[in-house]
Amino acid sequence: MRYETIPPCWEKFHPPAGGPLKTDNFNSMKEEISIKSSIDELPVLAGKIEALGEKWDLPMPLTMNLNLVLEEAISNIVFYAFPDKAEQQTVNIDINYEKGEIEIVIKDNGIPFDPTAKEKPDIDLPADQRPIGGLGIFLITKIMDSVNYKRDNDKNILILKKKI
Amino acid sequence: MNLTKKNSNGFCILNIEGRIDTTNFNEFENEVVGIIGTGEKNIVLNCKGLNYISSSGLRVFLIAQKKLMALNGKLHLCEMQPTIKEIFDISGFSTIFKIFETEEEALA
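What you see is a predicted model; the values in this text were computed from it and never measured. (Residues numbered from 1 in each chain as written. Chains lettered and ligands numbered in written order. Predicted model: local features only at pLDDT ≥ 70, side-chain atom pairs only at ≥ 80, totals over all residues. Heavy atoms only, no water.)

Focus on the pairing of strand β4 (residues 74-78) of chain B
Residues and elements named next belong to chain B. The criterion, for reference: Partly exposed residues are those whose accessible area sits between 20% and 50% of the maximum for their type, while under 20% is buried and over 50% is exposed, using a 1.4 Å probe and protein chains only. Secondary structure elements are defined from DSSP: runs of H or I of at least 4 residues count as helices, runs of E of at least 2 residues count as strands, and each element is numbered from the N terminus. Paired strands, as defined in this entry, are two strands with at least two bridges between them according to DSSP. With the strands aimed away from the viewer, a crossover counts as right-handed if its path from the first strand over the helix to the second runs clockwise.
Most of β4 sits out of view: four of its five residues are buried. Inspection of the sheet shows strand β3 (residues 42-53) paired to β4 by five bridges, in the parallel sense. From the neighbouring strand, leucine 45 faces β4, where its bridge partner is leucine 77. You can see the chain leave β3, run along helix α2 (residues 55-70) and come back into β4, and the turn it takes is right-handed. Here β4 runs beside strand β5 (residues 98-100); their pairing, made up of three bridges, is parallel.

Some thoughts on the interface of chain A and chain B
We count it as follows: Throughout, a residue-residue contact means that at least one pair of heavy atoms, one from each residue, lies within 4.5 Å. Put simply, buried area is how much 1.4 Å-probe accessible surface two parts lose in total, over both of them, once they are put together. Whenever a carboxyl oxygen of Asp or Glu lies within 4 Å of a side-chain nitrogen of Lys or Arg, that contact is scored as a salt bridge. For this analysis, a polar contact is any N or O atom pair within 3.5 Å, provided that within protein one partner can donate a hydrogen and the other can accept it, and provided that sequence-adjacent residues contribute only side-chain to side-chain pairs. Under the convention adopted here, Pro, Cys and the residues Ala, Val, Leu, Ile, Met, Phe, Trp and Tyr are nonpolar, Asp, Glu, Lys and Arg are charged, and Gly plus all remaining residues are polar.
With 35 residues of chain A in contact, the opposing surface of chain B contributes 28 residues. Of the roughly 2,400 Å² buried between chain A and chain B on both sides combined, carbon and sulfur atoms contribute 68%. The tally of links from chain A across to chain B stands at zero salt bridges. Linking chain A with chain B are ten residue pairs in polar contact (both at pLDDT 80 or more), by the criterion used here. Only α1 (42-55), α2 (60-81) and α3 (136-143) of chain A provide two or more residues apiece to the side of chain A that touches chain B. For the side of chain A that touches chain B, the element with the most residues is α2(A), which contributes nine residues. Here the side of chain A that touches chain B is built from residues that sort into 22 nonpolar, six polar and seven charged.

A short note on the sheet that holds strand β2 (residues 11-20) of chain B
Put simply, the test is: Structural elements are reduced to axes, namely lines fitted to C-alpha atoms, with helices fitted over the stretch in contact, and the angle between N-to-C directions of any two is expressed from 0 to 180 degrees.
Taken together, the five strands give an open sheet; going across it, the order is β1-β2-β3-β4-β5 (chain B), and neighbouring strands pair in mixed fashion. If you trace the sheet from one side to the other, it starts and ends with β1 (2-8) and β5 of chain B, each paired once. Strand-to-strand twist in this sheet, taken as the mean axis angle between neighbours without regard to direction, amounts to 25 degrees. The sheet strands contacting α2(A) are β2 and β3 of chain B, and the helix crosses β3(B) at an angle near 100 degrees. Strands β1, β2 and β3 of chain B of the sheet are contacted by helix α1 (residues 25-37) of chain B, whose axis makes an angle of about 175 degrees with β2(B).

Some remarks on empty space enclosed by the protein
Residue and element names in this part refer to chain A. To be explicit about the condition: A pocket here means an open set of points on a 1 Å grid, computed over the protein atoms alone, that has protein on both sides within 12 Å along at least five of seven lines. A cavity is instead a set of points where a 1.4 Å probe fits but cannot get out; residues with an atom within 4 Å of a point line either one. Grid points are joined across faces, edges and corners, and a volume is the space filled by probe spheres set on the points.
Going through the model one piece at a time under the given rule, you end up with four cavities of 30 Å³ or more. Of the voids in this model, the largest cavity is the one considered here, and its volume is about 70 Å³. If you go around the largest cavity, the residues you meet are Ala73, Asn76, Ile77, Ile106, Asp108, Phe113, Pro115, Tyr149, Asn156, Ile157 and Leu158. Taken together, the elements giving at least two residues each to the lining of the largest cavity come down to α2, β3 (101-108) and β5 (155-163). When grouped by side-chain class, the residues that make up the lining of the largest cavity number eight nonpolar, two polar and one charged.

A look at α2(B)
Residues and elements named next belong to chain B. The following threshold applies: Take the residue count of a helix, subtract one, and multiply by 1.5 Å to get its expected span.
Its 16 residues place the ends of α2 23 Å apart at the C-alpha level, agreeing with the 22 Å of an ideal helix rising 1.5 Å per residue. Within the sequence span of α2, burial applies to Ser55, Ser56, Gly57, Leu58, Val60, Phe61, Leu62, Ile63, Ala64, Gln65 and Leu68. Asparagine 72 occupies a position one or two residues after α2 and carries a positive phi of about 55 degrees.

Remarks on the environment of Ile20(B)
All names here are of chain B. Checked against the element boundaries, isoleucine 20 lands in strand β2. For the pair isoleucine 20 and serine 56, spaced 36 residues apart in the sequence, the C-alpha separation amounts to 7.4 Å. In contact with isoleucine 20, other than residues within four places in its own chain, are Met1, Phe25, Phe28, Leu50, Tyr52, Ile53, Ser54, Gly57 and Phe61.

Notes on the packing of α3(A) against helix α3 (residues 82-91) of chain B
What counts is decided by this rule: An angle below 35 degrees is read as roughly parallel, one above 145 as roughly antiparallel, one from 65 to 115 as roughly perpendicular, and any other as oblique.
At their nearest, the axes of α3(A) and α3(B) sit 10 Å apart, and the two run at 105 degrees to each other. Our classification of the angle between α3(A) and α3(B) gives roughly perpendicular. Together, Phe138(A), Leu139(A), Lys142(A) and Ile143(A) of α3(A) and Ile87(B), Ile90(B) and Ser91(B) of α3(B) make up the contact between the two elements. Classifying every residue of the contact of α3(A) with α3(B) gives five nonpolar, one polar and one charged.

Right, dumping it as structure tokens:
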């Protein structure tokens, strides 16, 4: 494991010297996004996250990483929680900001799928031994501070948190 | 995603621009694998214009690396934006690719 501590680049996520994030002017902020369980929805979602980043005045690298985390989480849900792709369902994404922490809650009513149960890739293997794929969930766990899954009343619930 | 190609110094230089994600990695994979298929063994991927990559995109970089290693070829990456480099770092990809600051160094 190469990064046991916060990588230096993460410093960019802290508010610029000019002042705190606009988000700090409020006790909490909340955004609710609903998309269909389809890969075609990813560009739509990316557009909404870009807009949210501007509205909440988030640093660009953080907006990019939130987009990445959501792309990885949603594409896994589309591929594994809804194997019957003919029937599209709704995936609900709540993004909350409170007390310097971003929380993303993703809910779907697909078959039970726990992404946190996936085996972690060995990132120290040389190229010829590295398996193709399997990095999506790993990227989420490295970018966010915590990743938790629960199954609740026929719903998959994934809760991602990160201090900013 | 937009890919443009030129040849210099015995390398095929590919400029990648835009995003590589779950919706378009197939296109990127087909283009890169196609270029390797035409006999290009030494490739420089200039990532200056690459502003977003997800695990789907990383997958294609690894496929290209494996194919070129099997051919005793070279894959050099250069001019990567810090946010992209960060993703390579946390994936362990920075140690399995040769990453250069400038295109000139990548061609040396």
